[in-house]
Amino acid sequence: MNKKIVLALGGNALIKEGQKGTIPEQYVNAYKALKHVSELIKRGYKIAITHGNGPQVGAIIIRDEADNTSYDLPLSVAVAQSQGEIGLIITQTLKNQLMTNGINRDVATILTHVVCDKNDPSMKNPTKPIGPFYKTSNTFREKGISFIEDSGRGYRRVVPSPMPLDIIEKETIKLLVDRGVIVVAVGGGGIPVYITKKGKIESIDGVVDKDLASYVLADCIKADQLIILTYVEKVALNFNKPNQKWLDHITVKEAKKYLKEGHFPPGSMEPKIKSAIHFLENGGKRVIITSIDKLPEAMKGKTGTHITSNTFILPRTKFHT
Ligand code: ADP
Ligand code: MG
């Protein structure tokens, strides 16, 4: 029984394209996204939920920089704040849905620290886009802030994004998930920290990729499945090109081949595929990448991209539980 799931919520679970992302908007979006998750919980799945924080942590930094009257926020503190904000919206919404359906399961957010390497190459070469898109790069240039042009959609600030290696709270999260608590963890990829020579935990100013952190979590809590919910129903070869081909099922070997061929760009699909490969090579049974609204169908094997370690794929009926 593939009963323990790490479920990664993409940015659009809380903020849809074109929205400002107001708190009421985020609650409405969360309600829709979590309805399908409630169904899985009803069916007895044990679940850890992870999520990104790009727009939210960007907004926290913008507010901080616009204000001179209160103390400054290091990025690590902004990430911690985003875990609180998003954790609040997810736990409250999900708990309400469960109670409405008479399901007595606890939902809890764990402030999560993710261990990274202090000397990760990304510390000197920021790659992770956060915050809103801007039409010009002038303000970034004036203020000396690192930025990129993000897939033809505009300019975005970028921050360091070190590789996650371990999770400080892993035992606690595993204990709770195994007991049936729905745990929201490694929010925004987790608060990046490193361990000093004296064995102390020190914060790093960066934003970890939530898909990579989700794999580390899935590995730590010995999950059976990793489900990554994003904007697209399936992963494609030659994405957005005339010869685009949607993928229903691929093996780890194929995933590695396609990765090498450059089908999955860094910062979007690449971390999802890398996480899938790591997870399956370390005992994970199945990875599904699909969109939030297609989760129920994807669980039945009817859509989504399914990644497994070999070519053996269960008959569709086995996906029902
Ligand atoms: P999330 O917030 O869910 O992590 P991302 O924007 O980081 O979302 O990644 C998902 C996006 O990756 C999709 O919306 C799609 O535009 C893009 N993408 C890039 N390459 C591919 C591909 N080969 N197949 C499908 N989607 C892709
Ligand atoms: Mg992403």
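Residues numbered from 1 in each chain as written. Chains lettered and ligands numbered in written order. Predicted model: local features only at pLDDT ≥ 70, side-chain atom pairs only at ≥ 80, totals over all residues. Heavy atoms only, no water.

**Observations regarding the pairing of strand S17 (residues 305-308)**
- Residue alternation in S17 divides its side chains into two sets, Thr305 and Ile307 and His306 and Thr308, and both sets are buried.
- Note: strand S15 (residues 249-251) against S17, 3 bridges, orientation parallel. Bridged to histidine 249 within S17 is histidine 306.
- Pairing between strand S16 (residues 286-291) and S17: 3 bridges, direction antiparallel. When the sheet's bridge partners are listed, isoleucine 289 is paired in S17 with threonine 305. (Buried < 20%, exposed > 50% of the residue type's maximum accessible area, 1.4 Å probe, protein only. Helix = DSSP H or I, 4+ residues; strand = E, 2+ residues; numbered from the N terminus. Pairing = 2+ DSSP bridges.)

**Quick notes on the sheet that holds strand S5 (residues 128-134)**
- Reading across from one edge, S5-S7-S6 is the order of the 3 strands in this open sheet, with antiparallel pairing throughout. Two strands bound the open sheet, and with one partner strand each, they are S5 and strand S6 (147-149). Neighbour-to-neighbour, the strand axes of the sheet open up by a mean angle of 35 degrees, direction not taken into account.
- Where S6 and strand S7 (residues 155-159) come together, 3 bridges link them in antiparallel fashion. Counterpart to phenylalanine 147 in the pairing with S7 is arginine 157. (Axes fitted to C-alpha atoms, helices over the stretch in contact; angles between N-to-C directions.)

**Looking at a nonpolar patch on the surface**
- On the surface, Ile168, Ile195 and Ile201 cluster together into a nonpolar patch covering about 240 Å² of accessible area.
- Take isoleucine 168: it is sitting in the loop between strand S8 (166-167) and helix H5 (170-178).
- What makes isoleucine 168 partly exposed here is its relative accessible area of 34%. (Patch = residues over 30% accessible without salt bridge, like charges linked within 9 Å, V, L, I, M, F, W, Y side chains within 5 Å. Areas by Shrake-Rupley, 256 points an atom, 1.4 Å probe, with all protein chains shown as cover. Salt bridge = Lys/Arg side-chain N within 4 Å of Asp/Glu carboxyl O.)

**Quick notes on the sheet that holds strand S11 (residues 201-203)**
- The mixed open sheet is built from 4 strands, whose spatial order is S8-S4-S10-S11. The two strands at the open ends of the sheet, each matched to only one other strand, are S8 and S11.
- Looking at chain direction, strand S4 (residues 113-115) and strand S10 (residues 191-195) are connected through 3 bridges and run parallel. Its bridge partner lying in S10, valine 114 is registered against proline 192.

**Regarding the pattern of salt bridges**
- Applying the stated rule across the entire model yields 15 salt bridges.
- A salt bridge links lysine 42 to glutamate 39; its shortest N-O distance comes to 4.0 Å. Of the two residues, lysine 42 and glutamate 39 are both situated in helix H1 (residues 23-42); the distance of 3 residues between them amounts to about one turn of the helix.
- Note on glutamate 39: relative accessible area 38%, which makes it partly exposed.
- Measuring nitrogen to oxygen at the nearest pair gives 3.7 Å for the salt bridge that ties aspartate 106 to lysine 95. Of this pair, aspartate 106 sits in the loop between helix H3 (75-100) and strand S3 (107-109) while lysine 95 sits in helix H3, placing them 11 residues apart in sequence.
- Take aspartate 106: its relative accessible area is 48%, and that puts it in the partly exposed class.
- Residue class for lysine 95 comes out partly exposed when judged on its relative accessible area of 22%.
- The structure contains a network of salt bridges with shared partners spanning Lys4, Lys174 and Asp178.

**Observations concerning the site of ligand 1**
- The local shell around ligand 1 holds 18 residues, among which Gly11, Lys210, Thr230, Ala236 and Lys272 are the closest.
- In the environment of ligand 1, a nitrogen atom lies 2.7 Å from a nitrogen or oxygen atom belonging to the backbone of alanine 236.
- In isolation ligand 1 exposes 570 Å². Once the protein is present, 83% of that is buried.
- Contributions of two or more residues to the shell around ligand 1 are made by helix H6 (210-220), strand S13 (235-237) and helix H8 (269-281).
- By residue class, the composition of the shell around ligand 1 is 8 nonpolar, 6 polar and 4 charged. (Near = heavy atom within 4 Å. Polar contact = N/O pair within 3.5 Å; in protein donor to acceptor, adjacent residues only side chain to side chain. Nonpolar A, V, L, I, M, F, W, Y, C, P; charged D, E, K, R; others polar.)

**Describing the pairing of S7**
- With 4 of 5 residues buried, S7 is to be regarded as a mostly interior element.
- As defined by bridge partners, S5 adjoins S7 across 4 bridges and the pair is classed as antiparallel. Among the inter-strand pairings, isoleucine 130 is bridged to a residue of S7, identified as arginine 157.

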